[in-house]
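Summary of the model geometry
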Amino acid sequence: MIIQENIPISSLTTMRIGGNARYVAEVENLQDLKEAYEFARNPKMRPEGAGTKGPLPTWIMGGGANTIGRDEGFPGLIILNRIKGIEILSQTADEVVIRAMGGEVWDDLVAFTTERGYSGIETLSAIPGTVGAAPVQNIGAYGQDISHVIESVDAYDAQTGELVVIGKEDMNMSYRSTIFNTGKDAGRYFITAVTIVLENESSMQPPFYNSLQQYLNEHNITDYSPTSIRNAVIAIRKEKLPDPKIEPSAGSFFKNIYLNYKEAESAESKGIKVYTKSDEQKMINSGYLIEQAGLKGKTLHGFHISDKAALILINKSANSYADLVAARQEIIDTVYTKFGFKLEQEPVEIVAATNTALEK
Ligand SMILES: Cc1cc2nc3c(=O)[nH]c(=O)nc-3n(C[C@H](O)[C@H](O)[C@H](O)COP(=O)(O)OP(=O)(O)OC[C@H]3O[C@@H](n4cnc5c(N)ncnc54)[C@H](O)[C@@H]3O)c2cc1C
């Protein structure tokens with residue numbers, strides 16, 4: 001395993017901002033992973049040099065598609081997950097159990113499953129990033145999220161140095177939140193593999209998520225097989241969302257707003273469009289608030305508020321985190337003044353102080 005020094009975080013993340021990481025390790029197997037954490041814990045493993053005497057903070061990264069680097073960089077070790085492999089563990093007449101290693105590209109897993117006719121993650125097609133990061137914020141799109149299919153994850157517990165298996169019931173999954181990114185254990189578990197259970201045959205039937213249904217109607221598509229739905233989702237995303245290889249972004253920059261029925265009634269009385277998500281939950285699309293506040297299509301401090309999807313900030317010409325902070329504040333303030341809702345950022349920021357992985 002090679003550990004590189006002074007690597008710009010901007011080169012590791014799709015938003016393309018952020019100063020240098022002191023060290024970066026790419027891990028391809030469990031042995032590499034243990035050695036990487038040992039390198040961070042034990043100063044004797046590192047070359048002599050200023051600022052590397054005590055234990056180093058660590059940060060886990062996959063594809064950097066939901067991660068923002070700050071201008072001050074990161075004084076520790078970023079561990080990039082490149083552990084590969086997909087295997088079918090078992091299959092019955094109805095279900096198939098699949099384990100994918102955390103460093104696999106998420107969309108390669110979706111392609112693998114849809115090609116074989118398995119259903120459960122087809123609407124999660126073309127989400128950038130790795131398999132290991134998918135459970136962290138419970139990725140979701142077009143009506144599915146990974147909480148619907150996940151069974152367990154294999155993980156390295158950075159506090160104890162042990163390999164553990166964490167079942168879905170212990171992940172506390174909700175909209176963009178799990179134990180892996182929220183609360184005292186955020187950053188503690190390095191997910192090495194994800195086990196999901198899919199259906200052998202698709203049971204997906206209309207009505208689908210609004211924009212997906214609209215696309216199917218417009219193109220007279222009545223084939224709801226996993227491959228057909230995957231192709232539709234890819235076509236919609238291609239039309240609406242920036243390709244991170246060409247236009248730097250972190251996808252949706254703000255989370256949608258979830259409300260109870262009472263809060264929803266109050267929002268609706270002010271003329272705000274509210275969607276019903278479940279018997280208990282309603283939701284406001286934050287992109288709609290940004291659009292209604294007149295910000296869609298504007299460029300603030302080098303960040304363009306996408307004219308196709310207002311939740312997405314595209315880095316047109318900014319090269320500092322300070323620019324992002326200024327643009328973010330302007331959007332939050334404008335929406336708050338107009339609607340009274342405070343937008344919350346979705347991508348995580350690499351901050352040494354929040355790291356919990358070295359309390360061994
Ligand atoms: C154009 C675009 C569109 C997007 N669309 C969607 C969408 O439709 N739905 C959606 O939910 N998200 C979407 N995203 C966000 C992003 O793709 C997902 O959050 C994805 O899971 C990030 O994967 P990653 O490997 O790049 O994670 P990273 O950005 O590398 O990491 C994200 C977080 O997970 C942690 N992490 C990463 N790997 C591991 C691991 N192995 N073990 C433990 N923790 C880990 C990191 O420490 C960090 O906190 C989009 C992003 C872009 C750029």
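Residues numbered from 1 in each chain as written. Predicted model: local features only at pLDDT ≥ 70, side-chain atom pairs only at ≥ 80, totals over all residues. Heavy atoms only, no water.

1. Quick notes on the packing of helix H2 (residues 106-115) against helix H4 (residues 226-240)
Relative placement of two packed helices is described by the angle separating their axes and the distance separating the axes. For clarity, the cut-off: Lines fitted to C-alpha atoms define the axes here, with helix axes fitted over just the stretch in contact, and angles between the N-to-C directions of these axes take values from 0 to 180 degrees. Starting at the N terminus, helices and strands are each numbered in turn, a helix being any DSSP run of H or I of at least four residues and a strand any DSSP run of E of at least two. Should the near helix be turned anticlockwise from the far one by less than a right angle, the crossing is termed left-handed; should it be turned clockwise, right-handed. Residues are treated as being in contact if the distance between any of their heavy atoms lies within 4.5 Å. Under the convention adopted here, Pro, Cys and the residues Ala, Val, Leu, Ile, Met, Phe, Trp and Tyr are nonpolar, Asp, Glu, Lys and Arg are charged, and Gly plus all remaining residues are polar.
Running from amino to carboxyl end, H2 crosses H4 at an angle of 145°, the nearest separation of the two axes being 8 Å. As H2 runs across H4, the sense of the crossing is left-handed. Contact residues: Asp107, Val110, Ala111, Thr114 and Glu115 in H2; Pro226, Thr227 and Arg230 in H4. Within the contact of H2 with H4, the residues separate by chemical class into three nonpolar, two polar and three charged.

2. Here's the deal with the packing of helix H3 (residues 210-218) against H4
Where we set the bar: Roughly parallel means an angle under 35 degrees; roughly antiparallel means over 145; roughly perpendicular covers 65 to 115; every other angle is labelled oblique.
Running from N to C, H3 and H4 cross one another at 105°; their axes reach a closest spacing of 10 Å. What the angle tells us is that H3 and H4 run roughly perpendicular. On the side of H3, the interface is formed by Ser211, Leu212, Tyr215 and Leu216, while H4 contributes Ile229, Ala232, Val233, Ala235 and Ile236. Among the residues forming the contact of H3 with H4, the class breakdown is eight nonpolar, one polar and no charged.

3. What to know about the domain arrangement of the protein chain
Spelled out, the test is: For the domains described, the bounds stem from an automatic or database domain assignment. Just to be clear on terms, a salt bridge is a Lys or Arg side-chain nitrogen sitting within 4 Å of an Asp or Glu carboxyl oxygen. For this analysis, a polar contact is any N or O atom pair within 3.5 Å, provided that within protein one partner can donate a hydrogen and the other can accept it, and provided that sequence-adjacent residues contribute only side-chain to side-chain pairs.
Split into domains, the protein chain comes out as domain 1 (3-83), domain 2 (86-211) and domain 3 (254-344). Put simply, the middle of domain 2 and the middle of domain 3, counted by C-alpha atoms, are 27 Å apart. At the junction of domain 2 and domain 3, the tally comes to zero salt bridges. Seen at the junction of domain 2 and domain 3, the total is one residue pair in polar contact (both at pLDDT 80 or more). Counted by class, the side of domain 2 that touches domain 3 contains two nonpolar, one polar and one charged residues.

4. Concerning the nonpolar core
The condition that has to hold: Side-chain atoms within 4.5 Å link the members of a nonpolar core, which is a set of buried Ala, Val, Leu, Ile, Met, Phe, Trp, Tyr and Cys residues. Think of it in three bands: residues with accessible area under 20% of the maximum for their type are buried, residues over 50% are exposed, and the middle band is partly exposed, with areas taken using a 1.4 Å probe on protein chains only.
Counting residues in hydrophobic clusters, the biggest one holds 41 residues, and the most contacted among them are Trp106, Ile121, Ile146 and Leu212. Elements with a minimum of two residues in this core: strand S7 (95-101), H2, strand S10 (150-157), strand S12 (189-199), H3 and H4. Here this core gets five residues from one element, more than from any other, and that element is S12. Not counting residues up to four positions away in its chain, the partners in contact with Trp106 are Ile121, Leu124, Ile127, Gly129, Thr130, Val131, Ala134, Ile139 and Ile146. One finds Phe253, Val274, Ile290 and Leu295 within the second-largest nonpolar core, a separate group that totals 34 residues.

5. Here's the deal with helix H5 (residues 261-269)
The backbone nitrogen of Lys262 lies 3.1 Å from a side-chain oxygen of the residue at the head of H5, namely Asn260. The first or second residue beyond H5 is Gly271, which carries a positive phi of 85°.

6. Brief notes about the pattern of salt bridges
The full count for this structure, using the stated rule, is 15 salt bridges. Here Arg99 ties to Asp154 by a salt bridge, and the two come within 3.5 Å at their closest N and O atoms. Here Asp154 lies in strand S10 and Arg99 lies in strand S7, a separation of 55 residues in the sequence. Linked by salt bridges that have partners in common, Asp157, Lys184, Asp185 and Arg188 make up one network.

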